[in-house]
Every structure is written in C-alpha cells, then in structure tokens.
Amino acid sequence: MQNGFTGKKIVLGVTGSIAAFKVAGWVSTLAQEGADISVVMTEAASRFVTPLTFAALSGNPVFTDMFQAEEAHAISHIQLGQEADLVLIAPATANTIAKLAHGMADDLLSTTVLAAACPVLIAPTMNSKMLENPATQRNLTLLRELGHGIIEPEFGKMACKTEGPGRLPEWEDVREQLLASLTKQDLAGEKILITAGPTRENLDPARFLSNRSSGKMGYALARTAKRRGAEVLLISGPTALPTPYGVRRINIQTAKDMHDAVMDNCGAASVIIKAAAVSDFRPRKTALEKVKKDTAELVLNLKQTDDILKKLGQKKEKYDYLLVGFAAESSNLRAAGEKKLKEKNLDLIAINDIGCSNTGFEADTNQVTLLDKDGFTELPLISKEQTANLILDRIGKLLTPDS
Ligand code: CTP
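### A few points about the site of the ligand
At step 1: Looking at the ligand, there are 16 residues lining it, with Lys274, Ala276, Leu309, Phe326 and Lys344 nearest.
At step 2: Contacts to the ligand include Asp280, whose side-chain N or O atom sits 2.9 Å from an oxygen atom.
At step 3: One of the backbone nitrogen or oxygen atoms of Ile308 is found 3.1 Å away from a nitrogen atom of the ligand.
At step 4: Using a 2 Å cut-off from the grid points, one finds that the ligand occupies the largest pocket.
At step 5: Elements with a minimum of two residues in the shell around the ligand: α13 (308–319) and β17 (322–329).
At step 6: For the shell around the ligand, the element with the highest residue contribution is β17, accounting for four residues.
At step 7: Its residues placed into classes, the shell around the ligand shows seven nonpolar, three polar and six charged.

Printed below as a string of structure tokens:
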C-alpha cells in the first residue's frame, strides 16, 4: 500500500527568510517518504541556505534562475508548475506573497506558481508587524480568493527577538496540510465523532482501573478522516498522543465522562466511530483517602458502566448517523463480532484480535476483520493508519452505496 507522498512531484519554493533552514529538514523527510522534490529558490533565499544543501537533500538539481534553468537543465520556465502534483512556498516572505497575489512573473518561482496546474500552498513567515500589516493581509485574502491554500503561521518567538504570529509551523502540521492537498476529499461535508483511548475509573486518589489501549487506532482514524475532508471531533481518554492537525478534541477520564461527552455531541454527527476501550466496570465507591495496606486481602466491589455504543444504537434512527463499533476479542472473533453488531444495532464493526503483539492494544500495526450487512472482510496486517483508511473507505461506501 502506498504512502501519500510516494511518487508525488512536489515543487518547493523557498524565499528569503531565516526559516529557510527549517525547510531543509522537511525536504529530507519528504525525500525519505518517496516524494520527487524540485526546489526553486529566490535569489534572497540562497543567501540564507545554499542551493547545494537542497540539491543534496532532494537528490535533484535546484533552480535559482529562470534562464539558467532553461539552459542547464533543459526545462521550460512553465514546465515545473505544470508537471507538479503540488507546489509549496515555504517560507513565503511578504514580498513573494505580494508578487503572487498580483500575478507577477518576474522570476522562476512566481512564473512556476502562475503556470501551476495543481494545488498551491503558501506558508507566510515573517515578523508579526509585517504579517499584520493590512497590505499583507489583503494580499493573503487575494491569494485565498485565487484558490491557493494558506498554511497559517504560528505564534511564538521570532528570529528578530519579538513574539507574535509569523513563525513557520511545525512539520507535523504542515505534513498533514500537504497530504490533505494530495488526497481526494471524499469525506468533505461529513461530521465524524470518534472516541479513542482508555478510560480511567478511580479507586482512590492514587489508583485507578484502566486498560492497555494507547489510543493509536482512534487517533489514526481521526487524522485520516480529517485528511480526507471530514470535520472531526475526537473524544479521548488519557493518551500520550498529540491532537491530529485540524481535529477538535475533548479530553475525558472516566466512562461516565465519555458517556456524557458522546451524548452531548452525537446529535450533530453524521458518522460515529467508537474506537475507545471503555471500562466495563467502575468501583462502586471511590475512596476519598488513599486505601492503606492494613488488610491482607482487598476485595473490590465493581458496578457496570453504561454501554455507550449500545445506547447510541438505540438512538440511531432518531439522529440518523452511521454507527461504527470495534470489538476487542481474544477468541471466537467472528461470532463475537457478529453478536455485537446485532445487539448494539451497528452499521459496521471492526473486529480486533487483541491476543497478538502486533495487533490491537499498543501496537503500531493492526489486523482487523470488518463486518457489515454484506458480510466479513478480512483486512491484512498493516499500519493503523492504513487500517484507518480502509475502514473509512468502507464507511464511504455505506454512506453513498452507489459511488
Ligand atoms: N463500548 C462502549 N461502552 C462500554 C463498553 C464498550 O461504548 N461501556 C464500545 C466500545 O467502544 C467498542 C464496543 O463497545 O466500540 C465493543 O467493546 P468491547 O470491549 O469489545 O466489548 P463489550 O461490549 O464491552 O463486551 P465484552 O467486554 O463482554 O466483550
């Protein structure tokens, strides 16, 4: 299965900002992920980082001058833009932004953008005062109106020692925006609620009952659904994972918190995916003081929590969402999955074998069997991100059966 950058032709335009050195790292990562990167530098950019650096990291010649490109590399001044799958301008200075907003074509970079037949993403990077200047803001509005994507700059400390908006964002967020531009937006218009991670049921101020869920499967679903154009709300138990770019996240601790957050938000969702490993039991009483080891044995008195998914199944017809559950099983996988699909009134269930080290809890890979009204489909052992995409493919088919 292909990764999103494999074989993609990306033109990276680098302009004259100190942040150009950061982008050198991005080129290295993109090249490792299989992208074919052509770097175009403005004259000012080559004063910050040498073209040789980008040539070495991309493995391709770097273009700095329109006429030199035509003579030495036998490419026409419009070829780069026309053959690319994506053009990224990062860092983009106020000057380049002004030129692009007005359709100027006085160097190879601006010519490439004007001739581009693919998405163009621009990462404004400059001093906050320059960014906030009405002239720059108007130029950014013009670029948006032209259909270009703007990668919002971050707030933080600048090279000029001031603090404010204008910093180049971190690679992980930029990576997601690049991938979204290269990905079919087949889930645009869908509002997807995803639950992820474990829940924690407090025993006393020091201890809780929980499970081995890392949240990786639910977060992979949230990240890929957002990349495919959906609006995503992630209701998450405690995990060490960062919030995927562009995803709204509500943090919860207990099964009761998750129940309340899901019930508050289910009415607005068109799809609900319950990937969380919810505690089935909670202590009947939470001790206010730390429980001391003054007895040889301790018996915990537990009470069942609400089955959130089952409750969602009962409300499905009223709210008209598509309902997807998971089943964590260590034996009789198919029979157990089939029972949960029926009993919880689901449209789709992803049955997870938690008995192996490379599937289920904590692993980066997964092997699930999908079950819906058309029967079982066994997915291969693949990364959780690839599994997420296949689950979303199936959800897409259930949403629009004729597509
Ligand atoms: N689930 C839920 N609320 C609970 C327990 C589970 O919403 N209190 C959801 C999970 O998010 C998952 C599905 O139900 O999507 C199946 O969870 P699983 O742990 O496999 O099964 P259970 O229904 O808890 O049954 P059992 O533990 O007996 O297998």
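### Here's the deal with empty space enclosed by the protein
At step 1: All chains considered together, the criterion is met by one cavity of 30 Å³ or more.
At step 2: Roughly 40 Å³ of volume is contained in the largest cavity.
At step 3: Taken together, Ile10, Leu12, Val23, Trp26, Val27, Leu30, Ile37 and Leu88 make up the lining of the largest cavity.
At step 4: Residue assignment for the lining of the largest cavity shows that the elements contributing at least two residues are β1 (9–14) and α1 (20–32).
At step 5: A per-element tally of the lining of the largest cavity places α1 first, with four residues.
At step 6: Considered class by class, the residues forming the lining of the largest cavity number eight nonpolar, no polar and no charged.

### Topic: the packing of aromatic side chains
At step 1: Going through the model one piece at a time under the given rule, you end up with two aromatic pairs.
At step 2: Centroid distance Tyr319 to Tyr321: 6.2 Å. Interplanar angle 20 degrees. Geometry classified as stacked.
At step 3: Its guanidinium or amino end placed over the ring of Phe376, Arg334 lies 4.4 Å from that ring's centre, counting from NZ or CZ.

### Describing unusual backbone geometry
At step 1: Look at the link from Ala90 to Pro91: it is a cis peptide, with omega at -10 degrees.
At step 2: Along the polypeptide, Pro91 turns up in strand β4 (residues 86–92).
At step 3: Of note in this structure, Asp320 is not a glycine but carries a positive phi near 65 degrees.
At step 4: Checked against the element boundaries, Asp320 lands in the loop between α13 and β17.
At step 5: On the accessibility criterion, Asp320 (65% relative accessible area) is exposed.

Basis of the calculations
- Residues take numbers from 1 onward in each chain, read along the sequence in its written order.
- With pLDDT at 70 or above as the cut-off, local features in this predicted model cover only qualifying residues; side-chain atom pairs require 80 or more to be listed or tallied, and sums for whole chains, interfaces and linings still use all residues.
- Values reported for side chains reflect all heavy atoms of the structure, with hydrogen atoms and water molecules removed beforehand.
- Whether a residue is near a molecule or strand depends on its heavy atoms: it is near if one of them lies within 4 Å of it.
- Here a polar contact is taken to be a pair of N or O atoms separated by no more than 3.5 Å, where protein atoms must pair a possible hydrogen donor with a possible acceptor and residues adjacent in sequence count only if both atoms sit in side chains.
- With a 1 Å grid spanning the protein atoms alone, the term cavity applies to any set of points in which a 1.4 Å probe fits but cannot get out, the term pocket to an open set with protein on both sides within 12 Å along at least five of seven lines, and the term lining residue to any residue with an atom within 4 Å of a point.
- Criterion for pocket placement: a molecule counts as inside a cavity or pocket if more than half of its atoms are within 2 Å of its grid points.
- A run of H or I in DSSP becomes a helix once it reaches four residues, and a run of E becomes a strand once it reaches two; helices and strands are each numbered from the N terminus.
- Residue polarity follows a fixed list, in which Ala, Val, Leu, Ile, Met, Phe, Trp, Tyr, Cys and Pro are nonpolar, Asp, Glu, Lys and Arg are charged, and the others, Gly among them, are polar.
- Grid points are joined across faces, edges and corners, and a volume is the space filled by probe spheres set on the points.
- Only the six-membered ring of Trp is used, alongside the rings of Phe and Tyr, when aromatic pairs are assigned; centres must lie within 6.5 Å, and planes under 30 degrees apart are stacked while those over 60 apart are edge-to-face, with the rest tilted.
- We call a charge positioned over a ring when the NZ of a Lys or the CZ of an Arg lies within 6 Å of the ring centre and within 35 degrees of the ring normal.
- When accessible area is computed with a 1.4 Å probe and restricted to protein chains, residues below 20% of their type maximum are described as buried, those above 50% as exposed, and intermediate ones as partly exposed.

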